[in-house]
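In case you want the letters, here they are:
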Protein chains: 2
Amino acid sequence: MCELLGMSANVPTDLCFSFAGLRQRGGGTGPHRDGWGVVFYEGVGVRAFHDPGASVSSEVAQLLERYPIKSTVAMCHIRQANVGSVALENTHPFIRELNGRYWSFAHNGQLPDYRSPQREDPRYRPVGQTDSEALFCDLLNSLLQSGALALSQSALIDVIVAHCKAFAEQGVFNVILSNGDWLFSFCSTKLAAITRRAPFRPATLRDCEIEVDFKAETSPSDVVSVVATSPLTYDEGWQIMQPGEWRVWDAGELVQQGRVDVPVFAHPKPAHKKGQTPSDALRV
Amino acid sequence: MCELLGMSANVPTDLCFSFAGLRQRGGGTGPHRDGWGVVFYEGVGVRAFHDPGASVSSEVAQLLERYPIKSTVAMCHIRQANVGSVALENTHPFIRELNGRYWSFAHNGQLPDYRSPQREDPRYRPVGQTDSEALFCDLLNSLLQSGALALSQSALIDVIVAHCKAFAEQGVFNVILSNGDWLFSFCSTKLAAITRRAPFRPATLRDCEIEVDFKAETSPSDVVSVVATSPLTYDEGWQIMQPGEWRVWDAGELVQQGRVDVPVFAHPKPAHKKGQTPSDALRV
């Protein structure tokens, strides 16, 4: 089980508050010690931070908690390894360039028996050993070969949903995906979302004693949506997503949503117990 | 004109000392205020830091100067924009996955009249507007289409050199390229290199008052090579590379080198004067 966080906003917005909460789950309030990563889109550009260690004790994560990188789309993942060693190449989010745009992907779950389809000369290949990166590469290869990228955004999303449904029929597949414009999420077992807009109110994190008054930090026209594995604050109205539910946000607004039938799998056991390092850990 | 830095080592080695010097050239001792980036390879994994601001005043750069990320191959670039706005997507090094490995590329110079060859459905496409990223994508597309990736390492490097020669016939093309195993450099006008091995000695940076005693920081079997636009220290024997000279390092050792004929072009003028922000700057 890993932890996911995604953000879509209509103005460049920093992730410091949400990241401060999520970061605690990486070895503090949660057992996800096996790496973390954040991707920030700024226009069509992207900057990413990846670390194979625990976010709670990471100096880079500490910087990101206080240094406001402003972005209209961002995603974050903290990892508890099940498939693939604890190593930089297995640390989400994964990024690939597709038709001149950076696509990024973060996954919570496991497809234990997943095998990539045989393709002649696949364009995208995984660098690491996770099922997650293989799924991302297979999705991109499918989108490219099927011509789906030439479709309208909503028709493209329908194709992506069909792939997600097929993946979610093989295991736990909670996912966040973006091309820098829209933010897509698919809930296989566990995701929650919230849209913040005026009138803004204060909110308090569940995972550490930090309160923010969004009213003081925003202007009345700001719209910011956040999706996460579980609610990050305890005093706001998060919507708990149902298995098979998917959503698309663009500039903070929900622009497309739906639900498909998926089986509900149990979450996979981690490859190692809390506090232990897996034997195949590759810490460099 | 930009500044390049590359490192190849036989043991995971941090870049803090060299980066401390190079960073000063990004708005301090040098005019390269238009972004900076660093790529660290750890095994087959990669972590990158990109920032469209000046490295001398960047909080992330400040962290990297003191936080030792250990790597066997690393590269760094600080930018003075000539082609392409000051924006994250135009910030080197550029990274692409090729056959399941991350390739990275940083360029100093300009090919003012460069046009990418017409290709049907090119696999790699630039996200930003720089000639540098277009050159990198074209190089990867060529390597893929020509079957050069199936060659031995030294034959593959010969193909890469031939491409570099062709690029360097069209403008200034100083470059650093890596697939995580080897570090390749091509000198069109300006590069310098040094290999440090036992007996290690102290060294002092040119760009700020920092001295390091490599003897205290290393073990006798360590071998670390560094390539940079100009020598980073003033009390070591850097080798000044000649136009057309290229080198390949693997685990710190020089494993292949040569020289081809190239014309020597004048360095391009920056898109804006020192201290000014270009009008098309996209700072987000």
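Along every chain, residues carry numbers that run from 1 in the direction the sequence is written. In the order they appear in the text, chains get letters beginning with A and ligands get numbers beginning with 1. For this predicted model, a pLDDT threshold of at least 70 governs which residues receive local features, and a threshold of 80 or more governs which side-chain atom pairs are given and counted, while totals over whole chains, interfaces and linings are taken from all residues. Hydrogens and water are ignored here; the side-chain numbers use all heavy atoms of the structure.

Trainee: Looking at this structure, how should I read the overall build of chain A?
Mentor: Helix numbers and strand numbers start at the N terminus; a helix is a DSSP run of H or I with at least 4 residues, a strand a run of E with at least 2. When its secondary structure is counted, chain A shows five helices and 15 strands. Taken over C-alpha atoms, the radius of gyration is set against a globule rule of 2.2 Å times the number of residues to the power 0.38. Over its C-alpha atoms chain A spans a radius of gyration of 18 Å, differing by no more than 12% from the 19 Å that the globule rule assigns to 284 residues. The buried label goes to any residue with under 20% of its type's maximum accessible area, the exposed label to any with over 50%, and the partly exposed label to all in between, with areas taken from a 1.4 Å probe on protein chains only. In chain A, which comprises 284 residues, the proportion classed as buried is 62%. Here the analysis covers contacts within chain A between residues at least 6 apart in sequence; of these, 72% occur between residues at least 24 apart. Reported accessibility uses the Shrake-Rupley method at a 1.4 Å probe radius. Residues are deemed covered only where the shown protein chains occlude them. As displayed, chain A has an accessible area near 10600 Å², and 49% of this comes from carbon and sulfur atoms. Think of it this way: Lys and Arg go in the positive column, Asp and Glu in the negative one, and His and the chain ends go nowhere. Charge positions are represented by NZ for Lys, CZ for Arg, CG for Asp and CD for Glu. Of the charged side chains in chain A, 26 are positive and 31 negative; the average position of the first set lies 3 Å away from that of the second. It only takes one pair of heavy atoms within 4.5 Å for two residues to be counted as in contact.

Trainee: I tried to follow the sheet that holds strand β5 (residues 94–98) of chain B on my own but got confused; where do I start?
Mentor: Where strands meet in a sheet, backbone hydrogen bonds hold them as pairs that are either parallel or antiparallel. Residues and elements named next belong to chain B. Pairing between strands requires that DSSP locate at least two bridges from one strand to the other. Taken together, the six strands give an open sheet; going across it, the order is β5-β6-β7-β8-β14-β15, and neighbouring strands pair in antiparallel fashion. In this open sheet, the two strands that pair with only one neighbour each are β5 and β15 (253–259). Neighbour to neighbour, the strand axes of the sheet diverge by 15° on average, direction disregarded. With six bridges joining them, strand β14 (residues 245–250) and β15 adopt antiparallel strand pairing. Bridge pairing links W249 to L254 in β15. This element, helix α4 (residues 153–168), spans β6 (101–110), β7 (172–178), β8 (182–186), β14 and β15 of the sheet and lies at about 30° to β8. Angles run from 0 to 180 degrees between N-to-C directions of axes, and those axes are lines fitted to C-alpha atoms, restricted for helices to the stretch in contact.

Trainee: It is not clear to me how the relation of the copies chain A and chain B should be interpreted in this structure. Could you clarify?
Mentor: For these two chain copies, the linking operation is a rotation about an axis paired with a shift along it. Superposition of chain A onto chain B requires a rotation of 180° combined with a translation of 0.0 Å along the rotation axis, giving an RMSD of 0.0 Å. In symmetry terms, the pair is related by a two-fold rotation axis. Here 100% of the interface residues in chain A have copies in chain B that are interface residues too; the copies meet face to matching face. Least squares is the method used to superpose the copies, on C-alpha atoms of residues holding a pLDDT of at least 70 in both.

Trainee: Is there a simple way to explain the pairing of strand β1 (residues 3–13) of chain A in this structure?
Mentor: Put simply, side chains in a regular strand alternate between the two faces of the sheet. Residue and element names in this part refer to chain A. In terms of residue burial, β1 counts as a mostly covered element, since eight of its 11 residues are buried. Sheet topology note: the β1/strand β4 (residues 71–78) ladder contains seven bridges and is antiparallel. Note on β4: the bridge partner recorded for S8 is V73. Where β1 meets strand β12 (residues 223–228), five bridges bridge the pair, whose relative direction is antiparallel. Within β12, the residue paired with M7 across the bridge is V226.

Trainee: Please explain unusual backbone geometry as it appears in this structure.
Mentor: Excluding glycine, most residues fall at negative phi; most peptide bonds, likewise, are trans. For the bond from A198(A) to P199(A), the omega torsion is 0°, close enough to zero to count as cis. Inspection of the secondary structure puts P199(A) in the loop between β9 (192–197) and β10 (202–204). A positive phi is found at N99(A), a non-glycine position, where the angle reads about 50°. Structurally, N99(A) can be placed in the loop between β5 (94–98) and β6 (101–110). Given a relative accessible area of 37%, N99(A) falls into the partly exposed group. At D121(B), a position not held by glycine, the phi torsion is positive, near 55°. For D121(B), the position within the fold is in the loop between β6 and α3 (131–146).

Trainee: What is the right way to read the interface of chain A and chain B from this model?
Mentor: Note on interface size: it is often stated as the accessible area lost on association of the parts. Across the boundary between the two partners, chain A contributes 34 residues, which contact 34 residues of chain B. When two parts are put together, the accessible area they lose, computed with a 1.4 Å probe and summed over both, is reported as buried area. Roughly 3200 Å² is buried in total at the junction of chain A and chain B, and carbon and sulfur atoms are behind 54% of that figure. For salt bridges, the criterion is a side-chain nitrogen of Lys or Arg within 4 Å of an Asp or Glu carboxyl oxygen. For the interface between chain A and chain B, the tally reads eight salt bridges. R47(A) serves as the salt-bridge partner of D51(B), at 3.7 Å between the closest nitrogen and oxygen. The term polar contact refers here to a pair of N or O atoms within 3.5 Å; inside protein, the definition further demands a hydrogen-donor-capable atom paired with an acceptor-capable atom, and it admits residues adjacent in sequence only when both atoms are side-chain atoms. Run the count over chain A and chain B and you get 12 residue pairs in polar contact (both at pLDDT 80 or more). Going through the elements one at a time, β2 (36–42), β3 (45–51), α2 (59–66), β5 and β6 of chain A are the ones with two or more residues in the side of chain A that touches chain B.

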